[in-house]
Amino acid sequence: MSIIEVSDLHKVFRIPHEKRNTVFETLTGLFRSSGYETFHALRDINFTVEEGEALGVIGENGSGKSTLLKTIARIIRPTDGYVRVNGKITPFLELGVGFQQDFTAAENVRTYATIMGIQKREIQAKLDNILNFADLEKFRDTKLKNFSSGMQVRLAFATAIQTNPEILLMDEVLAVGDMEFQQKCIDVLNQYRNEGVTIVFVSHDLGSVRRFCDRTLLLHKGEQVVLGDTQHVIDSYVYGRNEGEDTGQGNGGSGSLQEGNTNRWGNRKIEITGVEMYDKFGNKSVRFNSFDSMDIRISYKAHEKVLDPVFGIQLYSEKGEQLFGTNTEIKGVIIDHVEGEGHIDLKIERIPMLTGRFLLTVAVHTRDNRIYDWHDKLYRFDVYPTCRDSGLFHIPCTWGF
Amino acid sequence: MVLDHLKELYQYRNLIWNLSLSEFKLRYKNSILGYFWSLLEPLLMLTVLYLVFSNLMRVQVEHYQLFLLLGIILWNFFSRSTGIGMFSIVGKPGMIKKIYFPRDIFVISSCITALLMSLFESVVFVIFMFIFRIPISSTIMYVPLILVLLFIFSLGVSMTLSALNVYFRDMQFIWDVFMQAAFFGTPILYTLEMFPENLRTIALLNPMARIIISARNTIIYSTPATTEDMIYIGVSAIFFLVLGYAVFMKLEPGFAEEI
């Protein structure tokens, strides 16, 4: 039997044009009709989660991830369809629900633990443990209002992990807190996974979804795009959105570039007619995972026979700092001549950048730098992180201890 | 379905108790002086009302102090539980939006908070009973039943109000005015006999009137409550609980979105 079963789930929010929330307004507005907008937050969602499985839910802002989680948690009701849950849910939707600023740490732990469904006897036994874990023993009888927000989060988290959950719902909990706290969260999550707890995990952090989740559900504008193996879904999420949406050409321009573009110059003996980027599956894309491969294809058209041209690229960060540049001459590739239409490919085996938006310059010129066609920062692509290292690019390294 | 719901509520008994107690502590700011004030409040009110009504209005009732105090305590319980209960949903948007448990837990625990406060106040009443040497008779047997029915009645009204308050935020003002009027329409300061003949029947439609009269008779005057009163109280308590439950359950699905 599936532990969570979601079937034909629809959620529609009605957003009235004019909010009436008093008796007076309702009475006076009785004879004036007021329209409302409907917002389809979730549309026809179907999936099941098996016991002990970790399901990731990903999608852009407004794709309905949190709405879905709230529906599973029974906080909001489905408009249509149903959600069936066969087990006890421990929602980690938000830490520290019900904290009272006027009570002491110990009192708040008791209340919060009760909310999280911990038995009374256990709470008393675990109180010292909790305060110890949160590093707050000294502040046992301090009122919560005198705590910093970081201390409150630690206290809440220390309490929350004392539960013995059957089903854990997590919504971006990892997003708050510093690196150390995030690491603690990950450790706890791993421990739960090993104990066979069923986890539904909503996150923007594709790296952690990749690490934790067996299967992943991708939502787009409230619709279920795909549900399947995490690796596969993330690849389709990052790689698959660009069809007909975005060609990666700067300034929203279409394939052909306009004359007089200030970012383009040269005598056009050889014309660059298009630049395309391909992901590791060979699909055209402008979104890449870091460490994946990437192919850049430069299409050209030579109006006459041109001897010994040099093709080159330059890579810039979004701020315009040059990061890398190379050309066929540097790499010792000799192109004897070009004539008519053709293309040349640059293969990047491994994208070393961690995350961000990057700009690409593509050019063709003579060996002594007379320019045939120069497209200055006219192309862009995005890189999505797949690990937790920070910074602009990855340096291969290992720790010795 | 109702049985399942009760079972669920039972599972949450710790939470209900915990919420009631923390609300209770919060009301008194966790201080000894806070508890002291809560005793002083009904005493001061009693003094004022006693002076006005026994000296100026010349109300002639046996044990008028006790008569007044009991009426005030019972009325206070009703007005407090509905007053706190009404805000038990709108006052906790953080909880309602972020976590699920049966939402009536909030209403139940706020009524228990009111009960705790009233039990505290009734210490004063018990002391007065001793001071005036009121004999305790077997009619006191009625009291637990009356109190249980009073609780059920208040809970029912609170559930209705708390749910409506989510959708109509001016309910609180309407209810305040209503309660002011009801205070004088209920035989708290005077006996039912002082009401004009034709108004008595109307006054007796109010369950609070019968609850207060029965409580006084059984506690202070050693007179058993009439069967008619008890049936009326019982039926209306259950009626209001069913009504409250129905309204609450009808509106409950929208709470998280409406708040």
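Quick caveat: nothing in here was measured; it's all calculated off a predicted structure. (Residues numbered from 1 in each chain as written. Chains lettered and ligands numbered in written order. Predicted model: local features only at pLDDT ≥ 70, side-chain atom pairs only at ≥ 80, totals over all residues.)

Engineer: Explain the overall build of chain B to me, please; I cannot follow it from the model alone.
Structural biologist: Counting its secondary structure elements, chain B contains 12 helices and zero strands. Helices and strands in chain B line up, N terminus first, as α-α-α-α-α-α-α-α-α-α-α-α. Computed over C-alpha atoms, the radius of gyration of chain B comes to 19 Å, within 12% of the 18 Å expected from 2.2 N^0.38 for 259 residues, which places it in the range of a compact globule. With respect to the principal axes defined by its C-alpha atoms, chain B has extents near 55 × 45 × 35 Å. Counting every position in chain B, which comprises 259 residues, the buried fraction comes to 38%. Counting only contacts in chain B whose residues sit at least 6 apart along the sequence, the fraction spanning at least 24 positions is 80%. (Helix = DSSP H or I, 4+ residues; strand = E, 2+ residues; numbered from the N terminus. Rg over C-alpha atoms; globule rule 2.2 N^0.38 Å. Buried ≥ 20, exposed ≤ 12 C-beta atoms within 10 Å, placed from the backbone. Contact = placed C-beta atoms within 7 Å.)

Engineer: Looking at this structure, I do not really get the interface of chain B and chain A. What am I missing?
Structural biologist: When the parts come together, some accessible area is lost, and that loss is often what is quoted as the size of the interface. Contacts between the two partners involve 21 residues from chain B and, on the opposite side, 24 residues from chain A. Tallying contributions element by element places helix H2 (residues 13-27) of chain B first for the side of chain B that touches chain A, with five residues.

Engineer: It is not clear to me how the pairing of strand S6 (residues 167-171) of chain A should be interpreted in this structure. Could you clarify?
Structural biologist: All names here are of chain A. Burial within S6 is extensive, with five of its five residues counted as buried. Side chains Ile167, Leu169 and Asp171 project from S6 onto one buried face, and the interleaved Leu168 and Met170 project onto a second face that is buried too. The sheet contact formed by S6 and strand S7 (residues 198-202) spans five bridges and is parallel. Along S7, the bridge assignment pairs methionine 170 with phenylalanine 201. (Pairing = 2+ DSSP bridges.)

Engineer: How should helix H3 (residues 32-56) of chain B be read in this particular structure?
Structural biologist: Along an α-helix, a turn takes 3.6 residues, which lines up residues three or four apart on a common side. Over its 25 residues, H3(B) extends 36 Å from the first C-alpha to the last, a length consistent with the 36 Å expected when each residue adds 1.5 Å. Arg58(B) sits one or two residues past H3(B) and shows a positive phi near 55°. (Expected span 1.5 Å × (residues − 1).)

Engineer: Quick question: what am I supposed to make of the nonpolar core here?
Structural biologist: The nonpolar side chains of soluble globular proteins are, as a tendency, buried together. Among the nonpolar cores identified, the biggest contains 120 residues, and Val57(A), Leu169(A), Val200(A), Phe201(A) and Leu70(B) are the most heavily contacted of them. Per element, the largest residue contribution to this core is 12 residues, and it comes from helix H4 (residues 64-90) of chain B. With residues near it in sequence (within four places) discarded, Val57(A) still touches Lys65(A), Leu68(A), Val200(A), Phe201(A), Val202(A), Leu217(A) and Leu219(A). In this structure, Ile272(A), Val338(A), Leu354(A) and Phe381(A) belong to the second largest nonpolar core, which totals 25 residues. (Core = buried A, V, L, I, M, F, W, Y, C linked by C-beta atoms within 7 Å.)

Engineer: Just checking my understanding: could you explain unusual backbone geometry for this structure?
Structural biologist: The phi torsion of most residues other than glycine is negative, and most of the peptide bonds are trans. Residues and elements named next belong to chain A. If you check the backbone angles, arginine 74 has positive phi at about 70° while not being a glycine. Here arginine 74 lies in the loop between helix H2 (65-72) and strand S4 (80-85). Positive phi outside glycine occurs at lysine 221, with the angle close to 50°. Structurally, lysine 221 can be placed in the loop between strand S8 (215-220) and strand S9 (223-229).

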